[in-house]
Amino acid sequence: MLNFLVYPFFQKLSMESLLLEIETPHRSLAKIAADSIRISIIRKELKMGQSLTEAALSQALEISKTPVREALSLLRSEGLVVSETHKGYKVFTMDQKELVQFCELRFALESQALRYGVKCNHTGLTRKLELILDSMADNLGESDLENYLSLDTRFHRAFFEACGNRFLSKHYDSISSIIEAMRHYISNTDSATQTSMKGHQFLVEKIANGNSEEAVSLLEEHIVNWSRRAFLETSIS
């Protein structure tokens, strides 16, 4: 049983973690703790820049500090938390310059994966994206936001599944948690999801027609607009 009095935002996460533990009993406490903290950061239940201490997390999760320390180390390697000398950890933050640089990296990886995906598996990629797009259209309501954002993640990851380049995929995986977290900062209104949906629809049209370079141009526009909305949202959070 987890202690929800210390960090109330773990109430929902804790049940998910316990289910993970039941389904995969050989997972370490450190990985279970990392999953709980990661989901909390992604869903904005732990805010950007918020301080994290091993002691408080250990009490909230009712486990020792050792697996919590290992979990925070793992999350640091994903970029979701940063360590502060003599202060412990805090949730990551980005200034405008860092956000632009991050989006440049994201675009570089996704655009290349998209090119390779269209070239290597055009039919399969198109079909998968169309299916995901249909599901996204069914989850545009405010109560379906988590489903929509999860589908958004699947949409962009499909480029890497189709491209056949495991090295590209590995590098994308290393920043995927930050991308997911940023989505929750920019896609929390109906207008944001509607804008997102239209962008994805246009992108699938270009991909379906085999216009990979036009699709890449749309992808660049999509990510640039994403970065602008992300900076606006994080600036006022």
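Residues numbered from 1 in each chain as written. Predicted model: local features only at pLDDT ≥ 70, side-chain atom pairs only at ≥ 80, totals over all residues. Heavy atoms only, no water.

Trainee: Explain the overall build of the chain to me, please; I cannot follow it from the model alone.
Mentor: When helices and strands are counted, the chain shows 9 helices and 3 strands. Across the 237 residues in the chain, those meeting the buried criterion constitute 45%. (Helix = DSSP H or I, 4+ residues; strand = E, 2+ residues; numbered from the N terminus. Buried < 20%, exposed > 50% of the residue type's maximum accessible area, 1.4 Å probe, protein only.)

Trainee: Whenever I open this one, the packing of helix H2 (residues 29-42) against helix H7 (residues 166-186) confuses me. Can you help?
Mentor: In helix packing, the relevant descriptors are the interaxial angle and the interaxial distance, both defined with respect to the helix axes. Remark: H2 packs on H7, axes separated minimally by 8 Å, with the N-to-C direction vectors making an angle of 40°. In terms of their interaxial angle, H2 and H7 are classed as oblique. Together, Arg-38, Ile-41 and Ile-42 of H2 and Ser-177, Glu-180, Ala-181 and His-184 of H7 make up the contact between the two elements. Across the contact of H2 with H7, the residue classes break down as 3 nonpolar, 2 polar and 2 charged. (Axes fitted to C-alpha atoms, helices over the stretch in contact; angles between N-to-C directions. Parallel < 35°, antiparallel > 145°, perpendicular 65-115°, else oblique. Contact = heavy atoms within 4.5 Å. Nonpolar A, V, L, I, M, F, W, Y, C, P; charged D, E, K, R; others polar.)

Trainee: Looking at this structure, how should I read the pairing of strand S3 (residues 88-91)?
Mentor: Within a regular beta strand, the side chains point alternately toward one face of the sheet and then the other, so they alternate between its two faces. Strand direction decides the pairing type here: strand S1 (residues 51-52) and S3, joined by 2 bridges, are antiparallel. Bridge pairing in S3 links Leu-52 to Tyr-89. In this structure, strand S2 (residues 81-84) lies alongside S3, joined through 4 bridges in antiparallel fashion. By the bridge assignment, Glu-84 is partnered in S3 with Gly-88. Counted between consecutive antiparallel strands, the loop separating S2 from S3 contains 3 residues, among which His-86 sits at a positive phi close to 65°. (Pairing = 2+ DSSP bridges.)

Trainee: Whenever I open this one, the sheet that holds S1 confuses me. Can you help?
Mentor: Think of a sheet as strands paired side by side through backbone hydrogen bonds, with each pair either parallel or antiparallel. Strands sit in the order S1-S3-S2 across an open sheet of 3 strands; the sheet is antiparallel. Since the sheet does not close on itself, it has two edges, and those belong to S1 and S2, each with one partner. Those strands touched by helix H4 (residues 65-77) are S1, S2 and S3, and its axis lies near 115° from that of S2.

Trainee: What is the right way to look at the pattern of salt bridges in this model?
Mentor: Side-chain pairing between opposite charges can occur once the charged atoms of the two side chains come close. Evaluated as defined, the whole model comprises 11 salt bridges. A salt bridge links Asp-35 to Arg-38; the nearest nitrogen and oxygen atoms lie 2.7 Å apart. Taken as a pair, Asp-35 and Arg-38 lie in helix H2 at a separation of 3 residues, close to a single helical turn. Taking the relative accessible area as the measure of exposure, Arg-38 reaches 15% and is therefore buried. For the salt bridge of Arg-43 with Glu-146, the shortest nitrogen-to-oxygen distance reads 3.6 Å. Here Glu-146 lies in helix H6 (residues 145-163) and Arg-43 lies in the loop between H2 and S1, a separation of 103 residues in the sequence. Relative accessible area serves as the criterion here: at 34%, Glu-146 is assigned to the partly exposed category. In the salt-bridge network here, residues are joined through shared partners; they are Asp-35, Arg-38 and Glu-78. (Salt bridge = Lys/Arg side-chain N within 4 Å of Asp/Glu carboxyl O.)

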